[in-house]
Amino acid sequence: MDTPPLREVIQGEALAWLDEHPAEPGSSVITSLPDISELPELGFEGWRSWFIAAAERVLRWLPDDGVAIFYQSDIRWQNVWIDKAHLVHSAVDNAGHELVFHKIVCRSAPGTISWGRASYSHLLCAARAALAGSRKPGPDVLPDAGAMPWSRAMGVEACRLACSFLRDNTSTRRVVDPFCGKGTALAVANTYGFDALGVERSGRRCRAARKLIIDAASTGRP
Ligand SMILES: C[S@@+](CC[C@H](N)C(=O)[O-])C[C@H]1O[C@@H](n2cnc3c(N)ncnc32)[C@H](O)[C@@H]1O
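Residues numbered from 1 in each chain as written. Predicted model: local features only at pLDDT ≥ 70, side-chain atom pairs only at ≥ 80, totals over all residues. Heavy atoms only, no water.

A look at the layout of surface pockets
In this approach a probe as big as a water molecule rolls over the atoms, and the regions it shows empty are the leftover space. Approximately 710 Å³ is the volume attributed to the largest pocket. Contributing to the lining of the largest pocket are 37 residues, with Ser 32, Leu 33, Pro 34, Glu 38 and Phe 179 lying nearest its centre. Sorting the residues of the lining of the largest pocket by element identifies strand 3 (67–73), helix 5 (184–191) and strand 10 (195–200) as the ones contributing at least two each. It is strand 3 that contributes the most residues to the lining of the largest pocket, three residues altogether. Split by residue class, the lining of the largest pocket holds 16 nonpolar, nine polar and twelve charged. Here the second largest pocket defines a volume of roughly 380 Å³. Elements with a minimum of two residues in the lining of the second largest pocket: strand 6 (98–106) and helix 4 (156–169). (1 Å grid on protein atoms, 1.4 Å probe; cavity = no way out; pocket = protein on both sides within 12 Å on 5 of 7 lines; lining within 4 Å. Points joined across faces, edges and corners; volume = space filled by probe spheres on them. Helix = DSSP H or I, 4+ residues; strand = E, 2+ residues; numbered from the N terminus. Nonpolar A, V, L, I, M, F, W, Y, C, P; charged D, E, K, R; others polar.)

Quick word on the sheet that holds strand 3
Taken together, the eight strands give an open sheet; going across it, the order is 1-10-9-2-3-7-6-8, and neighbouring strands pair in mixed fashion. The sheet terminates laterally at strand 1 (7–11) and strand 8 (141–142), the two strands that pair on one side only. Where strand 1 and strand 10 come together, five bridges link them in parallel fashion. Paired with Val 9 across the bridge in strand 10 is Gly 198. In the packing of helix 4 onto the sheet, contacts are made with strand 2 (27–31), strand 3, strand 6, strand 7 (120–127), strand 8 and strand 9 (174–177), and the angle to strand 3 comes to roughly 165 degrees. (Pairing = 2+ DSSP bridges. Contact = heavy atoms within 4.5 Å. Axes fitted to C-alpha atoms, helices over the stretch in contact; angles between N-to-C directions.)

Regarding the packing of helix 2 (residues 43–61) against helix 3 (residues 84–95)
Closest axis-to-axis distance for the helix 2/helix 3 pair is 8 Å, and the angle between their directions is 50 degrees. By the angle class used here, helix 2 and helix 3 are oblique. Note on packing geometry: the crossing formed by helix 2 with helix 3 is right-handed. Between helix 2 and helix 3, the residues in contact are Trp 47, Arg 48, Phe 51, Ile 52, Ala 55, Glu 56, Leu 59 and Arg 60 and Lys 84, His 86, Leu 87, Val 88, Ser 90, Ala 91, Val 92, Asn 94 and Ala 95, respectively. Residue composition of the contact of helix 2 with helix 3, by class: ten nonpolar, three polar and four charged. (Parallel < 35°, antiparallel > 145°, perpendicular 65-115°, else oblique. Left-handed = near helix turned anticlockwise from the far one by under 90°.)

Focus: the side chain of Glu 200
Residue placement: Glu 200 occurs in strand 10. Although buried, Glu 200 forms no salt bridge, and the nearest oppositely charged side chain, Arg 205, lies 4.4 Å from it. Of note is the side chain of Glu 200, whose polar atom sits 2.8 Å from the backbone nitrogen of Gly 181. Once residues lying within four places of it in the same chain are set aside, the contact partners of Glu 200 are Ile 10, Gln 11, Gly 12, Pro 178, Phe 179, Cys 180, Gly 181, Arg 205 and Cys 206. (Buried < 20%, exposed > 50% of the residue type's maximum accessible area, 1.4 Å probe, protein only. Lys, Arg positive; Asp, Glu negative; His and termini not counted. Salt bridge = Lys/Arg side-chain N within 4 Å of Asp/Glu carboxyl O. Polar contact = N/O pair within 3.5 Å; in protein donor to acceptor, adjacent residues only side chain to side chain.)

Observations concerning the site of the ligand
Near the ligand lie 21 residues; those nearest to it are Glu 13, Trp 150, Thr 184, Glu 200 and Arg 205. Taking Ala 14, its main chain carries an N or O atom lying 2.9 Å from a nitrogen atom of the ligand. In the environment of the ligand, an oxygen atom lies 2.9 Å from a nitrogen or oxygen atom belonging to the backbone of Lys 182. Contact with the protein chains covers 96% of the free accessible surface of the ligand, which is 610 Å². In this structure, the ligand is accommodated by the largest pocket. Residues belonging to the shell around the ligand are distributed by class as follows: eight nonpolar, five polar and eight charged. (Near = heavy atom within 4 Å. Areas by Shrake-Rupley, 256 points an atom, 1.4 Å probe, with all protein chains shown as cover. Sits in = over half its atoms within 2 Å of the grid points.)

Without other data, these values stay purely geometric and don't point to any function.
Spelled out as structure tokens, the structure:
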């Protein structure tokens, strides 16, 4: 009988955890770095620098066979548009990594007017080097992010797209989310048979992340 995939959730600081735990082969990252609204103590410029450095730290942590997939939503900050894909691209360039894909995930139907956070998110994948072999292309635009277990969650369909990519194009066995929140990426990864490890600074969210179950059958996994 197959053993069920593991899920481990550690309460701690993400970048310290990455420093203390070198990546094992077969590890890939699916994550969503915190917005400035979650780190107001840094101020805007401090958060922007922190974001790029944190994404770079995640990229440098990857094993040779791993990829990192970032799910990030643009915001308006004092009437300035903050393009988080640009921040991730900056980290990719700083690390000397390669961009594997950049997809758009609709959080609302195209045409919807949004006054705050963008109505789409970016899904960006990067690796140390271009992936070998030809790949079955997935959609460039995902029309529906899917259910969100809480307000800052990744959409379940976006997580499924990320996990399908890992399954079809990499040798990933374990998905790591160093900013795991309530564990959406971890729960979806488990439905694909990947072990999952999350780090999260909030104890309450850690407890939610240990318990979150997403039913693979009801979401019609590809
Ligand atoms: C955008 S949310 C992640 C949401 C998650 N993908 C989900 O679907 O539930 C970012 C998370 O990072 C956590 N966080 C912020 N700074 C952190 C740090 N330095 N180390 C670990 N977690 C942190 C926040 O508490 C928040 O839960």
